Amino acid sequence: MKIRVGVFFGGKSVEHEVSIISAIQAINAFDGEKYDVVPVYIAKNGEMYTGEDVGKIEEYRDIPALLKKSRRVFLYSEGERHLLVQYPMKRFGNSVQAEIDLAFPITHGTNVEDGALQGYLKTLSLPFVGCDVTASALGMDKYAMKTIWKANGLPVLDGLRLRAREWYSGKEQVFARIRSAFSWPLIVKPVNLGSSVGIRRAADEEELKEALDYAFHFAETALVESAVPHLREINCAVLGDQESATASECEEPINHDVILSYADKYLGDGGAKKGMSAAKRKLPAEIPPDLRDRIRELAQKAFQALGCNGVARVDFLMNGESGEIWINEINTIPGSLSFYLWEPVGMPYARLLDEMVRLAFKRQREEAEISYSFDTNILAGFAAGGLKGGKAGVPKLSGSRS
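What counts, and where the lines are drawn
- Residues numbered from 1 in each chain as written.
- Predicted model: local features only at pLDDT ≥ 70, side-chain atom pairs only at ≥ 80, totals over all residues.
- Heavy atoms only, no water.
- Core = buried A, V, L, I, M, F, W, Y, C linked by side-chain atoms within 4.5 Å.
- Buried < 20%, exposed > 50% of the residue type's maximum accessible area, 1.4 Å probe, protein only.
- Helix = DSSP H or I, 4+ residues; strand = E, 2+ residues; numbered from the N terminus.
- Contact = heavy atoms within 4.5 Å.
- Patch = residues over 30% accessible without salt bridge, like charges linked within 9 Å, V, L, I, M, F, W, Y side chains within 5 Å.
- Areas by Shrake-Rupley, 256 points an atom, 1.4 Å probe, with all protein chains shown as cover.
- Salt bridge = Lys/Arg side-chain N within 4 Å of Asp/Glu carboxyl O.
- Lys, Arg positive; Asp, Glu negative; His and termini not counted.
- Charge placed at Lys NZ, Arg CZ, Asp CG, Glu CD.
- Axes fitted to C-alpha atoms, helices over the stretch in contact; angles between N-to-C directions.
- Parallel < 35°, antiparallel > 145°, perpendicular 65-115°, else oblique.
- Nonpolar A, V, L, I, M, F, W, Y, C, P; charged D, E, K, R; others polar.
- Pairing = 2+ DSSP bridges.
- Polar contact = N/O pair within 3.5 Å; in protein donor to acceptor, adjacent residues only side chain to side chain.
- Phe/Tyr/Trp six-rings, centres within 6.5 Å; stacked < 30°, edge-to-face > 60°.
- Lys NZ or Arg CZ within 6 Å of the ring centre and 35° of its normal.
- Expected span 1.5 Å × (residues − 1).
- Arc of directions from axis to C-beta.

Thoughts on the nonpolar core
Piece 1. With 39 residues, the main nonpolar core has Val7, Phe9, Phe104, Leu337 and Leu352 as its most contacted residues.
Piece 2. Elements with a minimum of two residues in this core: strand E1 (3–10), helix H1 (16–29), strand E2 (35–42), strand E7 (102–105), strand E12 (231–240), helix H12 (339–342) and helix H13 (349–368).
Piece 3. Top contributing element to this core by residue count: H13, with eight residues.
Piece 4. Apart from the residues lying within four places of it in its own chain, the contact partners of Leu352 are Leu239, Val311, Leu337, Phe339, Trp342 and Met347.
Piece 5. Ala135, Trp149, Val238 and Ala302 belong to the second largest nonpolar core, which has 31 residues in total.

As structure tokens, then:
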């Protein structure tokens, strides 16, 4: 019997379009002998749609037209069954559009990769692929992830977290804090966005002002850190869970500017169709074998320090002259699921998807052994109208002190 996989993508995120590309790449890579794949597109207003055309990339040239010929649905769980039910429901007849065994979120950015969608799926008791709620949230907060990695002895650059209110209510004070902590040039980025959205380099106070204004256009909180001299960026993906994890080949993306941009990642040759897999890169990265081993080891440790599951890509910054390495960030649902990093180590895309599905069902089995209820008769002592809060309605236990 085939596994019925619902692939969820899109959502209210600046990386909406990138998610569509990543998801449809995956939909086309699933082994049809093992899986029935149900595409579920999440529009920017949060509405979900499914249908035959939802899994076709060419249909997204005209999204309003696509939605008109697709079926709006919502998720409904009935016991252990997980259903996609059309909305509005039929007055008569069956409104179920599909039944799925597993959700496979291929979403990027805030509201969908940051634990929000994962929490929704968990509330429905629907097994899902990838990081759980906490790891997803940590993986979207560049400051929080750095804090945990630093506490685990992993190399990260120091960063200063700033909120938009601080900046707009006292720019001179913010400048003074930054000057006392860092030397020029600086990197400014929204604390919770991916795909290089909102990132700027600042060589002086005027550029810093522009960079902070730009970052706060996308997020309420920004991160400031020193720019690495002679910068080279090295990426490595990790597949696994807390018990076991393995690292992919390392790549070096090719930048057209001093930092890797959104255009470098997605607007290169074939980028509109191939997403992150179309970015220019050196694969494998041209680094010594011992450095490759160290980066792969650090990637595994970074992955497990955050409690990740499935596949994630860990991005590193390297001083090209000194060889110093720092962990920059993690992408808990990387563009194109980083399938291109696994093929050089002998794992084709279809097998990568198999492994991610296996890990999701493994987590489901492990969680089934955890008790989420605690037998108690604490409510038995309440009379009607007695729930007024505080200690007034709590029945006094024999021999206890109130």
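Things to note about unusual backbone geometry
Excluding glycine, most residues fall at negative phi; most peptide bonds, likewise, are trans.
Piece 1. Between Tyr87 and Pro88 the backbone carries a cis peptide bond, its omega angle lying at -5 degrees.
Piece 2. Tracing the chain through its elements places Pro88 in the loop between strand E5 (81–86) and strand E6 (96–100).
Piece 3. Between Trp184 and Pro185 the backbone carries a cis peptide bond, its omega angle lying at -5 degrees.
Piece 4. With respect to the helices, strands and loops of the structure, Pro185 is situated in the loop between helix H7 (171–181) and strand E9 (186–190).
Piece 5. Unusually for a residue other than glycine, Ser336 sits at a positive phi of about 60 degrees.
Piece 6. Among the structural elements, Ser336 can be located in the loop between strand E16 (325–331) and H12.
Piece 7. Unlike most non-glycine residues, Ser338 shows phi in positive territory, near 55 degrees.

A closer look at a negative patch on the surface
Piece 1. A grouping of Asp204, Glu206, Glu207 and Glu210 is seen on the molecular surface, where their side chains present a negatively charged patch.
Piece 2. Relative to the assigned elements, Glu210 resides in helix H8 (residues 205–218).

Considerations on the packing of helix H4 (residues 133–140) against helix H5 (residues 142–151)
Piece 1. As a packed pair, H4 and H5 sit with axes 5 Å apart at the nearest point and diverge in direction by 105 degrees. Considering their axes alone, H4 and H5 lie roughly perpendicular with respect to each other. Each of Leu138, Gly139 and Met140 in H4 lies in contact with H5, whose residues at this interface are Lys142, Ala144, Met145 and Ile148.
Piece 2. Taken together, the residues of the contact of H4 with H5 break down into five nonpolar, one polar and one charged.

Things to note about the sheet that holds strand E10 (residues 200–202)
Piece 1. An order of E8-E11-E9-E10 is seen for the four strands of this open sheet, with the pairing classed as antiparallel. With one partner strand each, in any of the chains shown, strand E8 (159–163) and E10 form the two edges of the open sheet. This sheet shows a mean twist of 25 degrees between the axes of neighbouring strands, independent of strand direction.
Piece 2. Direction of pairing for E9 relative to E10: antiparallel, over a ladder of three bridges.

Re the side chain of Glu252
Piece 1. You can see Glu252 is positioned in strand E13 (residues 245–253).
Piece 2. Among the residues examined, Glu252 registers a relative accessible area of 8% and is labelled buried.
Piece 3. Aside from chain neighbours lying at most four places away, what touches Glu252 is Arg232, Glu233, Ile234, Arg281, Lys282, Ala285 and Glu286.

What about the side chain of Glu249?
Piece 1. Take Glu249: it is sitting in strand E13.
Piece 2. Judged by relative accessible area, Glu249 falls into the buried class, the value being 10%.
Piece 3. Among the polar contacts made by the side chain of Glu249, one reaches the side chain of Arg292 at a distance of 2.8 Å.
Piece 4. The residues touching Glu249, leaving out its near neighbours within four places in the chain, are Asn235, Cys236, Leu283, Pro284, Arg292, Leu341, Pro344 and Val345.

Overview of the sheet that holds strand E4 (residues 71–78)
Sheet strands pair via backbone hydrogen bonds, and the direction of the pair is either parallel or antiparallel.
Piece 1. One open sheet accounts for seven strands, arranged E6-E5-E4-E3-E2-E1-E7; its pairing is mixed. In the strand order of this sheet, the two ends are held by E6 and E7, each with one partner. On average, adjacent strands in this sheet sit at an angle of 35 degrees to one another, irrespective of strand direction.
Piece 2. Both strand E3 (residues 48–50) and E4 contribute to a ladder of three bridges, which runs antiparallel. Considered in E4, the bridge of Thr50 is made with Arg71.
Piece 3. In the packing of H1 onto the sheet, contacts are made with E1 and E2, and the angle to E1 comes to roughly 160 degrees.

So, the environment of Arg281
Piece 1. Among the structural elements, Arg281 can be located in strand E14 (residues 281–282).
Piece 2. Judged by relative accessible area, Arg281 falls into the buried class, the value being 18%.
Piece 3. C-alpha of Arg281 to C-alpha of Glu252: the two residues are 29 residues apart in sequence and 5.4 Å apart in space.
Piece 4. A polar side-chain atom of Arg281 sits 2.3 Å from a polar atom in the side chain of Glu251.

A word on the pairing of E7
Piece 1. In E7, alternate side chains face the same way, and those of Leu102 and Phe104 on one face and Ala103 and Pro105 on the other are all buried.
Piece 2. Here E1 pairs with E7 via four bridges, running parallel. Bridge pairing in E7 places Gly6 opposite Ala103.

Some thoughts on the packing of aromatic side chains
The way to describe two aromatic rings as a pair is by their centre distance and the angle between their planes.
Piece 1. Tallied over the full model, the rule gives twelve aromatic pairs.
Piece 2. Between Phe30 and Tyr35, the aromatic rings sit 5.2 Å apart at their centres with planes inclined by 70 degrees, giving edge-to-face as the arrangement. Tyr35 matches Phe30 in its accessibility class, with the two residues each being buried.
Piece 3. Sitting over the ring of Tyr214, Arg200 keeps its end group 3.8 Å from the ring centre.

Remarks on helix H11 (residues 289–305)
Piece 1. The first and last C-alpha atoms of H11 sit 24 Å apart over 17 residues, in line with the 24 Å expected at 1.5 Å per residue.
Piece 2. Three or more residues of H11 are buried, namely Leu291, Ile295, Arg296, Leu298, Ala299, Ala302 and Phe303. Seen from one end, H11 has its buried residues packed into an arc of 165 degrees, which puts them on one side. Exposed residues pointing more than 90 degrees away from the buried face of H11 are listed as Pro289 and Asp290.
Piece 3. In the core, the buried residues of H11 are packed alongside H5, E12, E13, strand E15 (310–319) and E16.
Piece 4. Following H11 by one or two positions, Gly307 adopts a phi angle in the positive range, close to 75 degrees.

Coordinates in, geometry out; function isn't part of it.
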